[in-house]
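Coordinate inspection notes
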Amino acid sequence: MADFPGMVNTQTSSQTSHVSVMNTFVDLNFIKSMPGILLLVEIVFGLLVWALVTSTAYWIVPAYSWVLFVSITLWLLSIVLFIMLFLGMRHKLPSIPWPIVLLVFYGVAAILYFTAFLANTVSITAFGGGYHIGHVAAAAFFAIFVTMAYGASTAFAYIEWKGDGGNAAMTTVPV
C-alpha cells in the first residue's frame, strides 16, 4: 500500500483523446483484392452506363427509365458499399452478417442489371440511325460488363459465405 501513491500518474495529456478521435481504419488490402477491384469496375462502368443513357433523348423510349433507375441506384449503392468496406465497417460492425448481405446485394444487382441490359439492347433500334444510337449502343456494351462484374462479385460473395470449402476429414486430428 505504501507504493500506491508513487505509482499514480496525475499528469493529463490530450494525446489519448486525439488517438481515440483518429481511430479510423482504412482497409487498403480491400482495394488490392479481387472483390475490391470488381467493385471499382462496377462503379466506373456503371457511371459510364447511366452517363451515356442520360446524354441521349432517353424519354422517347420508356425502357430507358428502367435502365436509368437500375444503373443510377446501383451505382450509388455500390459507392456507399465501397466506402463502407474501404473504411473497414466489416470489422466495426461485426453484428451484421456481411457474407450474406454481400451475397444478396450482388445477386440482386446482377439480376437487375441483366434486365436493364436487355431493356437497353432491345431498345437500341428505337433510335433508328440517328445521332443517339451510338450512345445507347455503348451503354449496352458497358452494361454487359457491369452485369458480368456483378455476377463475378456474386460468385466471390458466395464463396465467402460458403466458407473455405475445405474437407472436414482433412481438418480433424486422428486419435
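As recorded in an unreviewed UniProt entry, the protein goes by the name Plasmolipin, listed as coming from Ictalurus punctatus. Recorded under Sequence similarities (unreviewed entry), the UniProt text for the protein is reproduced unchanged: "Belongs to the MAL family." A UniProt comment under Subunit (unreviewed entry) is attached to the protein, and it reads "Forms oligomers."

Structural notes on the packing of helix H4 (residues 34-54) against helix H5 (residues 63-86)
For the pair H4 and H5, the least separation of the axes is 9 Å and the interaxial angle reads 150 degrees. Viewed along their axes, H4 and H5 adopt a mutual orientation that is roughly antiparallel. As for how H4 packs across H5, the hand of that crossing is left-handed. Contacts between H4 and H5 involve Leu 39, Leu 40, Ile 43, Gly 46, Leu 47, Val 49, Trp 50, Val 53 and Thr 54 from the first element and Tyr 64, Val 67, Leu 68, Ser 71, Ile 72, Trp 75, Ser 78, Ile 79, Leu 81, Phe 82 and Leu 85 from the second. A per-class count over the contact of H4 with H5 returns 16 nonpolar, four polar and no charged.

As for the packing of H5 against helix H7 (residues 98-122)
It is at 9 Å that the axes of H5 and H7 come closest, and there the two elements cross at 155 degrees. As the angle between them shows, H5 and H7 are arranged roughly antiparallel. Regarding H5 and H7, the two cross each other, and that crossing is left-handed. Along the contact surface, H5 presents Ala 63, Tyr 64, Trp 66, Val 67, Val 70, Ser 71, Leu 74, Leu 77, Ser 78, Leu 81, Met 84 and Leu 85, while H7 presents Trp 98, Leu 102, Phe 105, Tyr 106, Ala 109, Leu 112, Tyr 113, Thr 115, Ala 116, Ala 119 and Asn 120. Tallied by class, the residues present in the contact of H5 with H7 amount to 19 nonpolar, four polar and no charged.

A few points about H5
Here H5 is 24 residues long and its end C-alpha atoms lie 34 Å apart, about the 34 Å a rise of 1.5 Å per residue gives. Here H5 has its buried residues at Tyr 64, Val 67, Leu 68, Val 70, Ser 71, Leu 74, Trp 75, Ser 78, Leu 81, Phe 82 and Leu 85. Contacts from the buried residues of H5 go to helix H3 (28-32), H4, helix H6 (89-92), H7 and helix H8 (133-162). Directly after H5, the chain includes Gly 88, whose backbone phi takes a positive value near 75 degrees.

Cut-off values and rules
- Residues numbered from 1 in each chain as written.
- Predicted model: local features only at pLDDT ≥ 70, side-chain atom pairs only at ≥ 80, totals over all residues.
- Heavy atoms only, no water.
- UniProt positions renumbered as here; feature names shortened; annotations may be inferred.
- Axes fitted to C-alpha atoms, helices over the stretch in contact; angles between N-to-C directions.
- Helix = DSSP H or I, 4+ residues; strand = E, 2+ residues; numbered from the N terminus.
- Parallel < 35°, antiparallel > 145°, perpendicular 65-115°, else oblique.
- Left-handed = near helix turned anticlockwise from the far one by under 90°.
- Contact = heavy atoms within 4.5 Å.
- Nonpolar A, V, L, I, M, F, W, Y, C, P; charged D, E, K, R; others polar.
- Expected span 1.5 Å × (residues − 1).
- Buried < 20%, exposed > 50% of the residue type's maximum accessible area, 1.4 Å probe, protein only.

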